[in-house]
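Chain by chain, the residues:
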Amino acid sequence: MGESPIAGVASKGSGWLAALGGLATVVGLVVAIWPHAGISVFAWAAGIFSILAGGVWFGLTTKSIPVLPGIGAFFGILLVLAGIGALISPQSFGAVIVIAIGFMALAQGLTTFSTGRVISRMSGSSSYLTWSGILSIILGVIFIIAPLTSLYSLTILMGIMLAAFGIMMIIA
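Being a predicted model, the structure only gives us computed values, none of them experimental.

Undergrad: Could you give an account of the overall build of the protein chain, naming the residues involved and the relevant values?
TA: For the protein chain, the count of helices and strands is six helices and zero strands. Mapped from its N terminus to its C terminus, the protein chain presents α and β elements in the order α-α-α-α-α-α. Taken over 172 residues, the protein chain has a buried fraction of 29%. When contacts within the protein chain are restricted to residue pairs at least 6 apart in sequence, those whose partners lie at least 24 apart make up 74%. Accessible surface computed for the protein chain: about 11,200 Å², of which carbon and sulfur atoms make up 82%.

What follows is the structure, given as C-alpha cells:
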C-alpha cells in the first residue's frame, strides 16, 4: 500500500516549512533584541510600498478610472507623502501608526464597554465585554500618551511572537 497523496505533499513541503521557520525565528530574535532596527526596516518597507501604491492610485484615477478622480488623486498624493515621511523619519512614522492604533483601541473600547453595559443591564450579570472595553480604553490611552514606548514594546512583543511562530514551524 502506497503513501497517500496528502502525506506525499506534506513530506515534500516540510523542508520549506523548516527553512521558513528558521528564517522567522532568526528575524524574530533580531527584532526582539534590536527593536530600533526592526522599526526602521518596517518603516522603510512601508514607505516604499506607500510611495508605489500612491503612484498607482494617482495614475489610475487620473487616466483610466473617471469615477471620483479628485479623491483618488488626493489619496495617491497622501500615500506618496506618507511614504516619504516614513523614509525620512522611521521613528516618527512608527509613532504616528501607534497613535492611530491607540485611537482605534479607544473607539473600540468605548463601543465594547457600552455594549457590555447594555448586556449587563439586560441579563442582570456582569459582562466580559464591559471588562474588555475597559482594558481596550486603557490600552488606547497608553498608546496615545506614550507612543514611542508603546512602539518599542510592540516591536519587541512582535519579535518574540515571530520567533515562537518560527520555532513551531520548525517543530511541525
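Next comes the rest of the account.
Undergrad: Go over the confidence of the model for the protein chain, please, and point to the residues and values.
TA: With 88% of its residues at a pLDDT of 70 or more, the protein chain has an overall mean of 85. Confidence, expressed as mean pLDDT per element, reaches its minimum in the protein chain at helix α1 (residues 5–33) with 78 and its maximum at helix α5 (residues 128–145) with 93.

Undergrad: Give a detailed account of the packing of helix α4 (residues 90–123) against α5, specifying residues and quantitative values.
TA: In the contact formed by α4 and α5, the axes pass within 7 Å of each other and the chain directions differ by 160°. The angle between the axes of α4 and α5 places the two elements in the roughly antiparallel class. As α4 runs across α5, the sense of the crossing is left-handed. The residue inventory of the contact of α4 with α5, partitioned by class, reads 15 nonpolar, twelve polar and one charged.

Undergrad: Tell me about α5, residues and numbers included.
TA: Taking 1.5 Å per residue as the helical rise, α5 with its 18 residues ought to reach 26 Å, and the 26 Å between its terminal C-alpha atoms agrees with that figure. When we look at burial in α5, the residues that qualify are T130, G133, S136, G140 and F143. For α5, the arc enclosing every buried residue in end-on projection is 150°, short of the 170-degree limit, so these residues lie on one face. Set apart from the buried face of α5 by more than 90 degrees, the exposed residues are Y128, W131, L135 and I145. Summarising the contacts, the buried residues of α5 are in contact with α4 and α6 (147–171).

Undergrad: I'd love a proper account of the side chain of S136, names of residues and values included.
TA: Among the structural elements, S136 can be located in helix α5. The exposure class of S136 is buried, given its relative accessible area of 14%. A polar contact is formed between the side chain of S136 and the side chain of Q108, at a distance of 2.8 Å. The contact partners of S136, leaving out residues within four places of it in the chain, are A105, L106, Q108 and G109.

Undergrad: Describe in detail the packing of α4 against α6, supporting the description with residues and values.
TA: Packed helices, taken two at a time, are described by the angle their axes make and the gap between the axes. Packing of α4 against α6 brings their axes to within 9 Å, and their N-to-C directions diverge by 95°. The orientation of α4 relative to α6 falls into the category roughly perpendicular. Of the residues in α6, those in contact with Q91, G94, A95, V98 and I99 of α4 are P147, L148, S150, L151, Y152 and L154. Across the contact of α4 with α6, the residue classes break down as eight nonpolar, three polar and no charged.

Parameters at a glance
- Residues numbered from 1 in each chain as written.
- Predicted model: local features only at pLDDT ≥ 70, side-chain atom pairs only at ≥ 80, totals over all residues.
- Heavy atoms only, no water.
- Helix = DSSP H or I, 4+ residues; strand = E, 2+ residues; numbered from the N terminus.
- Buried < 20%, exposed > 50% of the residue type's maximum accessible area, 1.4 Å probe, protein only.
- Contact = heavy atoms within 4.5 Å.
- Areas by Shrake-Rupley, 256 points an atom, 1.4 Å probe, with all protein chains shown as cover.
- pLDDT = per-residue confidence, 0-100.
- Axes fitted to C-alpha atoms, helices over the stretch in contact; angles between N-to-C directions.
- Parallel < 35°, antiparallel > 145°, perpendicular 65-115°, else oblique.
- Left-handed = near helix turned anticlockwise from the far one by under 90°.
- Nonpolar A, V, L, I, M, F, W, Y, C, P; charged D, E, K, R; others polar.
- Expected span 1.5 Å × (residues − 1).
- Arc of directions from axis to C-beta.
- Polar contact = N/O pair within 3.5 Å; in protein donor to acceptor, adjacent residues only side chain to side chain.

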